[in-house]
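# Per-entry structural report
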Amino acid sequence: MEQLLSRLIGCEIDVVCSGGAALRGECMKVEGGVLHLKDQEEQTCYIAIDKIVAVWEKKEKDRHPGFVLKN
């Protein structure tokens, strides 16, 4: 997983962690088993790589992982 994330540095990604937490941001750095993810508000989130279940490059601006609510 660390090698995969290293190839995604500079890309916007969606990350799903164990427990169902879903995060989106720019992959900034992968170091010491930790992913550094920067969100749209320029805040950095630090994610333990061993807790990541799924990751993919962001394709659509409005799409978020998880359930879709319809009105």
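In this report, we go over the structure that sits alongside the text. (Residues numbered from 1 in each chain as written. Predicted model: local features only at pLDDT ≥ 70, side-chain atom pairs only at ≥ 80, totals over all residues. Heavy atoms only, no water.)

## Considerations on the pairing of strand S3 (residues 34-38)
- Pairing between strand S2 (residues 22-31) and S3: 5 bridges, direction antiparallel. If you follow Cys27 over to S3, its bridge partner there is Leu37.
- Here S2 folds back onto S3 in antiparallel fashion, the turn holding 2 residues, of which Gly32 has a positive phi close to 60°.
- Direction of pairing for S3 relative to strand S4 (residues 44-48): antiparallel, over a ladder of 5 bridges. Among the inter-strand pairings, Lys38 is bridged to a residue of S4, identified as Thr44. (Pairing = 2+ DSSP bridges. Helix = DSSP H or I, 4+ residues; strand = E, 2+ residues; numbered from the N terminus.)

## Considering the sheet that holds strand S5 (residues 52-57)
- Strand order in this open sheet of 5 strands is S4-S3-S2-S1-S5, and the pairing throughout is antiparallel. Lying at the two open borders of the sheet, with one neighbouring strand each, are S4 and S5. On average, each strand axis in the sheet is tilted by 45° relative to the strand beside it, whichever way the strands run.
- Looking at chain direction, strand S1 (residues 12-17) and S5 are connected through 5 bridges and run antiparallel. Bridging from a neighbouring strand, Cys17 pairs with Ile52 of S5. (Axes fitted to C-alpha atoms, helices over the stretch in contact; angles between N-to-C directions.)

By themselves, these are just geometric observations and shouldn't be taken as functional.
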